[in-house]
Amino acid sequence: MTHPSSSKENIHLPAKKGVTLRWLPCGFILLQSILYGFGDPISKAAYETVPLYSLLSARYLIAFLFLALLFHKRIWQGLKACSVKDWLLPSLCIAGGYIATNVAIVLTTATATAFLRSLSTVMTPLLALVIFRRKFSPKHIPILLLVVVGLYLLCGRGGLTGFGLGEVFGLLSALLLAGSLVFGEKALNNVDPVTLTTVQAGMSAFLTLIFTFLFEGGVHLETAGGAEWAIIVYLAILCTVAGYFLQNAALGHISSRTVALLQCTGPVMTALFSRVILGETLSPAGMLGAAILLACVAAETLMKQ
């Protein structure tokens, strides 16, 4: 069942004199980048004390309960107005994507994770080609080859950890987050952003609880002190609730390719905060690799299919 009010074709953002609110969705993604840029290094700091999946379970449960308590009536109406297939794939993709991101943060540096995650911009048109049979021109191939060069400079000669399991999870997160953009853009024709955000937070909580009992034998938060709980609350409310919602709200008005381009600001924010909080630095080769990656994802997003 389609909600006419949620269709992008039927949404018209109001304009103010001299400044149009059509730029507002772009601001949503820039704000999301700032929130995630600070969230990446503090997550890595918290994982030194609290087990990975236990922390993620607490984070996503808090986010889901927060949304459910505030918007339960709206969420219930939203779920009745759509089908499971509308929200299932974008929820699985975003949950898996950010779980993979946090595994990568534990296994490698926060800076490397953020740059690898930004490759979702390159993967978005590839995924759209496979899923929706969208045209893929040969002019994209040089960009993809430059991505390989950028990855080598960043991970192999950038003063980071090399290319290991952490980088594999970073690339996996990029693929899954590309899926969350491609499938999420389509889902928002039938599902309102608050409902989709809540379902995505619930799916994230469900998956992390499974992993917590599989790999950690249950939820263990006894090592979490005041600082760790402050980090968990920040990650739950600002990175999950606000971060998911900002992406969904933006996807309701601008394309997944534009959202992916704007998310390229995320690695820059992470690098800045990681330098201050964790002391992570890039060598000149790493900086060159990062610059190549950002140029590639920007060019890939701007290029017409």
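**Description of the confidence of the model for the protein chain**
At step 1: When pLDDT is averaged along the protein chain, the result is 84, and 86% of the positions lie at 70 or above.
At step 2: Taking the mean pLDDT of every element in the protein chain, the minimum, 43, falls on strand β1 (residues 15-16) and the maximum, 97, on helix α8 (residues 193-215).
At step 3: Throughout residues 1-19 the model reports pLDDT below 50, and contacts reaching past four residues in sequence, or to other chains, amount to 33 contacts.

**Things to note about the packing of helix α3 (residues 84-107) against α8**
At step 1: Where α3 contacts α8, the two axes come as close as 8 Å, and the packing angle between them is 50 degrees. By the criterion of interaxial angle, the relationship of α3 to α8 is oblique. Relative to α8, α3 is oriented so that their crossing is right-handed. Two secondary-structure elements touch here, α3 through W87, L88, P90, S91, L92, I94, A95 and I99 and α8 through L196, V199, Q200, M203, S204, L207, T208 and F211.
At step 2: Along the lines of polarity and charge, the residues of the contact of α3 with α8 split into 12 nonpolar, four polar and no charged.

**What to know about the packing of aromatic side chains**
At step 1: Under the counting rule described, the total for this entry stands at seven aromatic pairs.
At step 2: Of the aromatic side chains, those joined through ring pairs into one cluster are Y36, Y98 and Y244.

**Considering the side chain of R59**
At step 1: As for its position among the elements, R59 is in helix α2 (residues 52-80).
At step 2: D40 provides the closest opposite charge to the buried, salt-bridge-free R59, at an N-O distance of 7.0 Å.
At step 3: A polar contact is formed between the side chain of R59 and the side chain of T240, at a distance of 2.8 Å.
At step 4: With sequence-adjacent residues up to four places away left out, R59 is seen in contact with N102, I232, L235, A236, C239 and T240.

**Some details on a nonpolar patch on the surface**
At step 1: Taken together, V106, L107, F163, L165 and V168 make up a surface patch of nonpolar side chains, about 460 Å² in accessible area.
At step 2: Of all the elements in the fold, those that place two or more residues in the nonpolar patch are α3 and α7 (165-187).
At step 3: Structurally, V168 can be placed in helix α7.

**As for the nonpolar core**
At step 1: Counting 47 residues, the largest nonpolar core has L55, Y98 and V259 as its most contacted members.
At step 2: Tallying contributions element by element places helix α9 (residues 226-251) first for this core, with 10 residues.
At step 3: Apart from residues lying up to four places away in sequence, L55 is in contact with A46, Y47, V50, L221, I232 and L235.
At step 4: Among the nonpolar cores identified, the runner-up in size contains 20 residues, and F115, L127, L153 and C296 belong to it.

**Some words on the side chain of T101**
At step 1: If you trace the backbone, T101 turns up in helix α3.
At step 2: When residues no more than four places from it in sequence are discounted, the contact partners of T101 are T113, R117, S173 and L177.

**Description of the pattern of salt bridges**
At step 1: Tallying each qualifying case throughout the model produces two salt bridges.
At step 2: Between R117 and D40 there is a salt bridge; the shortest N-O distance is 2.9 Å. One end of the pair, R117, is in helix α4 (residues 110-117); the other, D40, is in helix α1 (residues 24-46), and 77 residues separate them in sequence.
At step 3: In this structure D40 comes out as buried when scored by relative accessible area, which is 5%.
At step 4: The residue D192 makes a salt bridge to R74 at a minimum N-O spacing of 3.2 Å. Of this pair, D192 sits in the loop between α7 and α8 while R74 is found in helix α2, placing the two residues 118 residues apart along the sequence.
At step 5: The exposure class assigned to R74 is partly exposed, which follows from its relative accessible area of 44%.

**Some points on α8**
At step 1: In this model α8 runs 32 Å from its N-terminal to its C-terminal C-alpha over 23 residues, within 8% of the 33 Å that 1.5 Å per residue would give.
At step 2: N-capping of α8 is provided by D192, with a side-chain oxygen placed 3.1 Å from the backbone N of V194.
At step 3: Of the residues trailing α8, G217 is marked for its positive phi of about 70 degrees.

Procedures and definitions
- Residues numbered from 1 in each chain as written.
- Predicted model: local features only at pLDDT ≥ 70, side-chain atom pairs only at ≥ 80, totals over all residues.
- Heavy atoms only, no water.
- pLDDT = per-residue confidence, 0-100.
- Helix = DSSP H or I, 4+ residues; strand = E, 2+ residues; numbered from the N terminus.
- Contact = heavy atoms within 4.5 Å.
- Axes fitted to C-alpha atoms, helices over the stretch in contact; angles between N-to-C directions.
- Parallel < 35°, antiparallel > 145°, perpendicular 65-115°, else oblique.
- Left-handed = near helix turned anticlockwise from the far one by under 90°.
- Nonpolar A, V, L, I, M, F, W, Y, C, P; charged D, E, K, R; others polar.
- Phe/Tyr/Trp six-rings, centres within 6.5 Å; stacked < 30°, edge-to-face > 60°.
- Buried < 20%, exposed > 50% of the residue type's maximum accessible area, 1.4 Å probe, protein only.
- Lys, Arg positive; Asp, Glu negative; His and termini not counted.
- Salt bridge = Lys/Arg side-chain N within 4 Å of Asp/Glu carboxyl O.
- Polar contact = N/O pair within 3.5 Å; in protein donor to acceptor, adjacent residues only side chain to side chain.
- Patch = residues over 30% accessible without salt bridge, like charges linked within 9 Å, V, L, I, M, F, W, Y side chains within 5 Å.
- Areas by Shrake-Rupley, 256 points an atom, 1.4 Å probe, with all protein chains shown as cover.
- Core = buried A, V, L, I, M, F, W, Y, C linked by side-chain atoms within 4.5 Å.
- Expected span 1.5 Å × (residues − 1).

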